[in-house]
Amino acid sequence: MYTTPKVDFSTNSRELHAALKAEELGALAAQLRRLEPAEIIEHLDTLSLSEAAIAFRLLDKPRALRVFEKLDAPLQADLIKGLQQDAVAQTLAGIGATERAALLDELPATVASSLLQALDSTTREETRVLLGYSAASTGRFVSTRYIKTYPELTAEQTLERVRQQVAERTSANLVLVVDHERRLLGGVELSQLIAADPQCLVGDLLTPMFTATVADPAVQTARRVVNRQLEIGAVLDQEEKLVGVLSWAQALEILDDADEARTARTAGSEPLNRPYLSTPIGGMVRSRILWLLVLAIGATLTVQVLSSFEETLESMVVLSLFIPLIVGIGGNTGNQAATTVTRALAMGEVRISDIGRVLLREVRVGFVLGLSLGLLGFLLTRVIFDEQVAWVIGLTLMVLCTVAAGVGGIMPIIGKSIKADPAVFSNPFISTFVDAAGLVVYLSIAVLVLG
């Protein structure tokens, strides 16, 4: 039985790095010729920007175009700077409109304008249309590589249109049917066309299609396409005329990028938007320093709270031993609630109008969690310390978990209501508020219980 030979990525990577270091460009070009485009992209992701530019320039034109189209827009922009002007124009014209718009966004305005002028009028206008849409809207990601037909054409005539256009289109399994004013009437599957009578009119084979508008959030449209397992979804403008399609592959890419950004922001940094090893040190610093500054400013509030209860801590030093426990549990409880609600917002399970229901639900969950942890904390603390300290810890955990869960639950909704990314808005606020509130609750209860 034949099996596909496995490529030793680590070996190839070492050989490429060795050839680059020794400046053996002939050996490097030979190595690249033996690799598939997907493997070349994996290697480019591990190289520095200068090394990636050298390797890319050694690729033959067809392979370079295939590789370039699959790269992230920031890396495309970096490579563009190392190419000659005529090569740049050819490369830009050869990639899809969506990728072209994303790349131009990454370039300085003067460079982007110059490159646009180098394109032919049809390609230039197609790109300008996409650039006119918001970067987060569905319109920015549409593809015009679809096959269309008209209701008055026969199945035989439409099949001939498919044969002529299939090589350059996103999908040939679903043909879009429009009128002569570009209004979408429906779709017809290729299998239907093949099985139908050759003289049957396409208008008699129509089935409804999923549609979205260019102004819809791209993540929302992408999730609907993926959840419905659609090969393509039709995208219409404000006049309900067909603009393009959003494919399954593009929808998955949008969701992957959104998840990557959400994960990075939840961890307190901005997404890099390019391979780790190709990201300049300055770019990595900028992606992290903002949130560290926010948290540092928030930490001053915590210090202020501690200074306000300085006499309490001095009179009973044992209270200071539990501060890390209180701060840690409060922060984790709030972040758990925020993460759950952020996901529910992204999936469309929760709306802004549900803030009251979410708050009540999270307060109840937090109370049950706090009661459980408080009871456990009381019993464990009672074994080591006296009963008064145990009561302070038990009551603090119960109240703190209730407050933290409620705050963590509504923060993503408040963030979305003010047009902020829920993950970005929630994380620093919860870290700041819950830490300070936790200490206020803890030390206030200590004052009440211990006198």
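Our subject is the structure listed above.
Residues numbered from 1 in each chain as written. Predicted model: local features only at pLDDT ≥ 70, side-chain atom pairs only at ≥ 80, totals over all residues. Heavy atoms only, no water.

Points about the overall build of the protein chain
- Scanning the protein chain for helices and strands turns up 20 helices and six strands.
- Relative to its full complement of 451 residues, the protein chain shows a buried share of 45%.
- Counted over contacts in the protein chain with a minimum sequence separation of 6, partners at least 24 positions apart contribute 64%.
- Approximately 23,800 Å² of the protein chain is accessible, and the part contributed by carbon and sulfur atoms is 58%. (Helix = DSSP H or I, 4+ residues; strand = E, 2+ residues; numbered from the N terminus. Buried < 20%, exposed > 50% of the residue type's maximum accessible area, 1.4 Å probe, protein only. Contact = heavy atoms within 4.5 Å. Areas by Shrake-Rupley, 256 points an atom, 1.4 Å probe, with all protein chains shown as cover.)

Some points on the sheet that holds strand S1 (residues 148-149)
- Across the sheet, which stays open at both edges, the three strands sit in the order S1-S2-S3 with mixed pairing between neighbours. The two strands at the open ends of the sheet, each matched to only one other strand, are S1 and strand S3 (184-189).
- Note that S1 and strand S2 (residues 174-178) share two bridges and pair parallel. Pairing of Lys 148 across the sheet is with Leu 176, part of S2. (Pairing = 2+ DSSP bridges.)

Some points on the nonpolar core
- Core analysis: the largest hydrophobic core is formed by 25 residues, its most contacted members being Phe 322, Val 392, Ile 393 and Tyr 442.
- Of all elements in the fold, only helix H17 (323-346), helix H19 (387-417) and helix H20 (422-450) reach the threshold of two or more residues within this core.
- No other element matches H19, which puts ten residues into this core.
- The contact partners of Phe 322, leaving out residues within four places of it in the chain, are Thr 381, Phe 385, Val 389, Ile 393 and Tyr 442.
- Leu 28, Phe 56, Val 67 and Leu 71 belong to the second largest nonpolar core, which has 23 residues in total. (Core = buried A, V, L, I, M, F, W, Y, C linked by side-chain atoms within 4.5 Å.)

A few points about the pattern of salt bridges
- All chains considered together, the criterion is met by four salt bridges.
- Residue Glu 160 pairs with Arg 163 through a salt bridge whose shortest N-O separation is 3.1 Å. Of the two residues, Glu 160 and Arg 163 are both situated in helix H11 (residues 155-165); the distance of three residues between them amounts to about one turn of the helix.
- On the accessibility criterion, Glu 160 (37% relative accessible area) is partly exposed.
- Its relative accessible area of 55% is what places Arg 163 among the exposed residues.
- A salt bridge links Glu 239 to Lys 241, with the nearest nitrogen and oxygen atoms 3.8 Å apart.
- What makes Glu 239 exposed here is its relative accessible area of 52%. (Salt bridge = Lys/Arg side-chain N within 4 Å of Asp/Glu carboxyl O.)

Things to note about the sheet that holds strand S5 (residues 232-236)
- Read across the open sheet, the three strands follow the order S4-S5-S6; overall the sheet is mixed. On the outer flanks of this sheet lie strand S4 (211-213) and strand S6 (242-247), each paired with one strand and no other. Between one strand and the next, the sheet's axes are offset by a mean angle of 35 degrees, whatever the strand orientation.
- Relative to S5, S4 runs parallel, the two being bridged by three bridges. Opposite Thr 211, over in S5, you have Ala 234 as the bridge partner.
- Set on the sheet, helix H13 (residues 218-227) makes contact with S4 and S6; between it and S6 the angle comes to about 60 degrees. (Axes fitted to C-alpha atoms, helices over the stretch in contact; angles between N-to-C directions.)

Some details on the packing of H17 against H19
- Interhelical geometry of H17 versus H19 gives an angle of 35 degrees and a closest axis separation of 7 Å. Viewed along their axes, H17 and H19 form a crossing whose handedness is right-handed. Residues Ile 326, Ile 329, Gly 330, Thr 333, Gly 334, Ala 337, Ala 338, Val 341, Thr 342 and Leu 345 of H17 form the contact with H19, whose participating residues are Thr 396, Leu 397, Leu 400, Cys 401, Ala 404, Ala 405, Gly 408, Gly 409, Pro 412, Ile 413 and Lys 416. (Left-handed = near helix turned anticlockwise from the far one by under 90°.)

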